[in-house]
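Listed below are the residues making up each chain.
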Protein chains: 2
Amino acid sequence: MSVGHRRARAAPEINRRDDLLRAAARLFVEKGFAATTTRDIAQAVGMRSGSPFYHFRSKQDLLKAAMIEGLEAGHRRLQAAIAGVDDPERRLRLMIRIHFGNLLEGDCHTPMLIHESRSLDAAARAEIAAASDRYQAAWQGTLDELAACGRLRSAASPVRLLLFGMLNWSGQWYRPDGPLSLDEIADAASELLLR
Amino acid sequence: MSVGHRRARAAPEINRRDDLLRAAARLFVEKGFAATTTRDIAQAVGMRSGSPFYHFRSKQDLLKAAMIEGLEAGHRRLQAAIAGVDDPERRLRLMIRIHFGNLLEGDCHTPMLIHESRSLDAAARAEIAAASDRYQAAWQGTLDELAACGRLRSAASPVRLLLFGMLNWSGQWYRPDGPLSLDEIADAASELLLR
DNA sequence: CCTACCGATCGGTAGG
DNA sequence: CCTACCGATCGGTAGG
């Protein structure tokens with residue numbers, strides 16, 4: 001009973017932690033890690049300047065947590081979307097569309113933060129690399145399958161990297177109120193890849 | 001005569017300015033604009049902390065100058081390489097290879113700094129956007145030409161943006177000592193685009 | 001989670 | 001281009 005009581009009281013604090021993570025991710029994407037102050041993040045969730053350090057040891061820790069939880073949430077979304085999709089072409093098209101969603105929809109555009117891992121120490125960078133590898137491993141199987149049955153435009157080694165470039169760079173130019181929908185962009189990217 | 005004399009004495013100072021620009025570009029690419037201090041830049045060229053401000057009004061001014069001069073140097077390289085190349089497919093292949101060179105060879109990988117223009121005021125951002133548009137305009141003609149004769153995989157609107165994504169994102173993963181040469185990467189990117 | 005604070009660092013300047 | 005310096009800001013902490 002006392003445990004249940006403790007948990008019930010702990011819940012709001014957990015939500016505050018998530019609030020901080022979401023605000024941090026958004027600000028890091030907008031202004032970059034180095035240009036975002038912990039005071040910016042605190043203010044974004046209505047806290048005072050010292051309070052984020054009650055939830056996180058350091059600014060770097062906030063970045064690490066935001067990136068890893070974002071990558072894992074995106075990974076879960078990806079897996080859920082392709083579960084039971086047997087045709088590899090349909091699967092790849094779905095993955096591309098979901099990845100654009102992970103990048104550009106909602107408020108935690110975590111994949112765009114990958115470059116900021118240069119601000120972390122080697123141990124944290126390794127954790128992020130592992131989460132990122134898990135995300136990319138989901139793609140390699142589908143690409144291999146398509147290459148094996150000759151439906152990929154090219155199975156040459158850099159294709160997966162060039163594909164991620166097409167997708168990830170979109171954060172630089174995509175505007176939600178622009179002329180192109182995410183469906184259209186995802187279709188265009190798929191057409192470039194598939195034969 | 002006195003004018004000639006003055007010019008002769010001014011020359012070393014002009015070189016120091018260029019030294020600063022090159023060091024700044026390299027550091028901004030490596031660590032990001034906000035994480036690079038003007039002291040880092042001064043030290044990289046053997047100056048004391050206050051001295052860069054003899055050559056540039058502000059840190060932002062240094063970024064603006066590095067980006068614009070880098071973009072223009074890359075543009076000149078591009079134009080020189082495709083002068084007199086009439087076949088649009090060969091021309092596009094050349095442009096892709098030269099662009100990879102602008103990004104990844106030498107020591108001023110300026111195109112990778114585009115995202116840092118968010119750290120500048122609106123006026124400076126507009127100057128950089130103009131230089132960047134000049135660089136991209138050189139591509140649109142060739143893409144249109146290829147689309148007109150049916151040799152482009154797709155002429156849909158986002159293709160130029162996706163192409164630049166493939167190319168520019170390479171700064172995130174390319175390593176000079178890795179298994180892929182720039183020629184191989186350029187070929188792979190060309191194959192994805194051309195039919 | 002707030003108040004009050006600290007040491008370090010940063011962009012930039014004056015004066016030579 | 002250097003010396004010497006300033007005001008502002010920043011990440012982080014103690015103590016409640």
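- The name given to chain A in an unreviewed UniProt entry is HTH-type transcriptional repressor KstR2, with the source organism recorded as Candidatus Accumulibacter adjunctus.

1. What to know about the relation of the copies chain B and chain A
For the pair of chain copies, the relating operation is a rotation around an axis with a shift along it.
Right, on to step 1. The operation relating chain B to chain A is a screw motion whose rotation component is 180°, with 0.0 Å of axial translation and a residual RMSD of 0.0 Å. Expressed as a symmetry operation, the mapping of one chain copy onto the other fits a two-fold axis.

2. Some details on the protein's contact with DNA strand C
Right, on to step 1. Neighbouring residues of DNA strand C: 17 residues in total, closest Arg-16, Ser-51, Tyr-54 and His-55 of chain A together with Lys-59 of chain B.
Right, on to step 2. Backbone polar atom of Arg-48 of chain A to a phosphate oxygen of DNA strand C: 3.0 Å apart, as the coordinates give it.
Right, on to step 3. Elements represented by at least two residues in the surface near DNA strand C include exactly helix H3 (52-55) of chain A together with helix H2 (38-44) and helix H4 (59-82) of chain B.
Right, on to step 4. Grouping the constituent residues of the surface near DNA strand C by class yields three nonpolar, nine polar and five charged.

3. Section: the protein's contact with DNA strand D
Right, on to step 1. Surveying the vicinity of DNA strand D reveals 17 residues, the closest of which are Lys-59 of chain A together with Arg-16, Ser-51, Tyr-54 and His-55 of chain B.
Right, on to step 2. Here, DNA strand D places atoms within 4 Å of the protein, and 60% of those atoms are sugar or phosphate.
Right, on to step 3. Between DNA strand D and Thr-36 of chain A there is a distance of 3.4 Å, counted from a phosphate oxygen to a backbone nitrogen or oxygen.
Right, on to step 4. A distance of 2.7 Å separates a phosphate oxygen of DNA strand D from a polar atom in the backbone of Lys-59 of chain A.
Right, on to step 5. If you list the elements that add at least two residues to the surface near DNA strand D, you get helix H2 (38-44) and helix H4 (59-82) of chain A together with helix H3 (52-55) of chain B.
Right, on to step 6. Among the residues making up the surface near DNA strand D, the classes are represented as three nonpolar, nine polar and five charged.

4. What to know about the interface of chain B and chain A
Accessible area lost during the coming together of the parts is what is often quoted as the interface size.
Right, on to step 1. If you look at the interface, chain B gives 31 residues, while chain A gives 31 residues.
Right, on to step 2. For the chain B and chain A pair, buried surface summed over both sides reaches about 2,800 Å², with 70% attributable to carbon and sulfur atoms.
Right, on to step 3. Of all residues in chain B, the largest losses of buried area upon contact with chain A belong to Leu-162, Trp-169 and Leu-192 of chain B, amounting jointly to 25% of the total for that side.
Right, on to step 4. Counting every contact that joins chain B to chain A gives ten residue pairs in polar contact (both at pLDDT 80 or more).
Right, on to step 5. For the side of chain B that touches chain A, the secondary-structure elements that each account for two or more residues are helix H1 (2-31), helix H7 (159-168) and helix H8 (182-193) of chain B.

5. Quick word on the environment of Tyr-135 of chain B
Residues and elements named next belong to chain B.
Right, on to step 1. Mapping Tyr-135 onto the fold places it in helix H6 (residues 122-148).
Right, on to step 2. Ignoring any residue separated from it by four or fewer positions in sequence, one finds Tyr-135 in contact with Leu-71, Gly-74, His-75, Leu-78, His-99, Asn-102 and Phe-164.
Right, on to step 3. Within polar-contact distance, the side chain of Tyr-135 engages the side chain of His-99 at 2.6 Å.

6. Concerning the packing of H4 of chain B against helix H5 (residues 88-104) of chain B
Residues and elements named next belong to chain B.
Right, on to step 1. At their nearest, the axes of H4 and H5 sit 10 Å apart, and the two run at 150° to each other. In terms of their interaxial angle, H4 and H5 are classed as roughly antiparallel. Crossing handedness for the pair H4 and H5: right-handed. Packed against H4, whose contacting residues are Gly-74, Arg-77, Leu-78, Ala-81 and Ile-82, the element H5 presents Arg-91, Leu-94, Met-95, Ile-98 and Asn-102 at the interface.
Right, on to step 2. Across the contact of H4 with H5, the residue classes tally to six nonpolar, two polar and two charged.

7. With respect to the UniProt feature "DNA-binding region" (unreviewed entry) in chain A
Right, on to step 1. Here the UniProt feature "DNA-binding region" (unreviewed entry) sits at residues 37-56 of chain A.
Right, on to step 2. Within the segment residues 37-56 of chain A, helix and strand shares are 55% and 0% respectively, and the terminal C-alpha atoms sit 14 Å apart.

8. Examining the UniProt feature "domain: HTH tetR-type" (unreviewed entry) in chain A
Right, on to step 1. The sites that carry the UniProt feature "domain: HTH tetR-type" (unreviewed entry) are, in the present numbering, residues 14-74 of chain A.
Right, on to step 2. Across residues 14-74 of chain A, the secondary structure splits into 74% helix and 0% strand, with the terminal C-alpha atoms separated by 20 Å.

9. Observations concerning the environment of Ser-58 of chain A
Residue and element names in this part refer to chain A.
Right, on to step 1. Residue placement: Ser-58 occurs in the loop between H3 and H4.
Right, on to step 2. Of the residues examined, Ser-58 reaches a relative accessible area of 25% and is grouped as partly exposed.
Right, on to step 3. Ser-58 sits 100 residues away from Pro-158 along the chain, and the two C-alpha atoms are 37 Å apart.

Reading guide: rules and limits
- Residues numbered from 1 in each chain as written.
- Chains lettered and ligands numbered in written order.
- Predicted model: local features only at pLDDT ≥ 70, side-chain atom pairs only at ≥ 80, totals over all residues.
- Heavy atoms only, no water.
- Least-squares fit on C-alpha atoms with pLDDT ≥ 70 in both.
- Near = heavy atom within 4 Å.
- Polar contact = N/O pair within 3.5 Å; in protein donor to acceptor, adjacent residues only side chain to side chain.
- Helix = DSSP H or I, 4+ residues; strand = E, 2+ residues; numbered from the N terminus.
- Nonpolar A, V, L, I, M, F, W, Y, C, P; charged D, E, K, R; others polar.
- Contact = heavy atoms within 4.5 Å.
- Buried area = accessible area lost by both parts, 1.4 Å probe.
- Axes fitted to C-alpha atoms, helices over the stretch in contact; angles between N-to-C directions.
- Parallel < 35°, antiparallel > 145°, perpendicular 65-115°, else oblique.
- Left-handed = near helix turned anticlockwise from the far one by under 90°.
- UniProt positions renumbered as here; feature names shortened; annotations may be inferred.
- Buried < 20%, exposed > 50% of the residue type's maximum accessible area, 1.4 Å probe, protein only.

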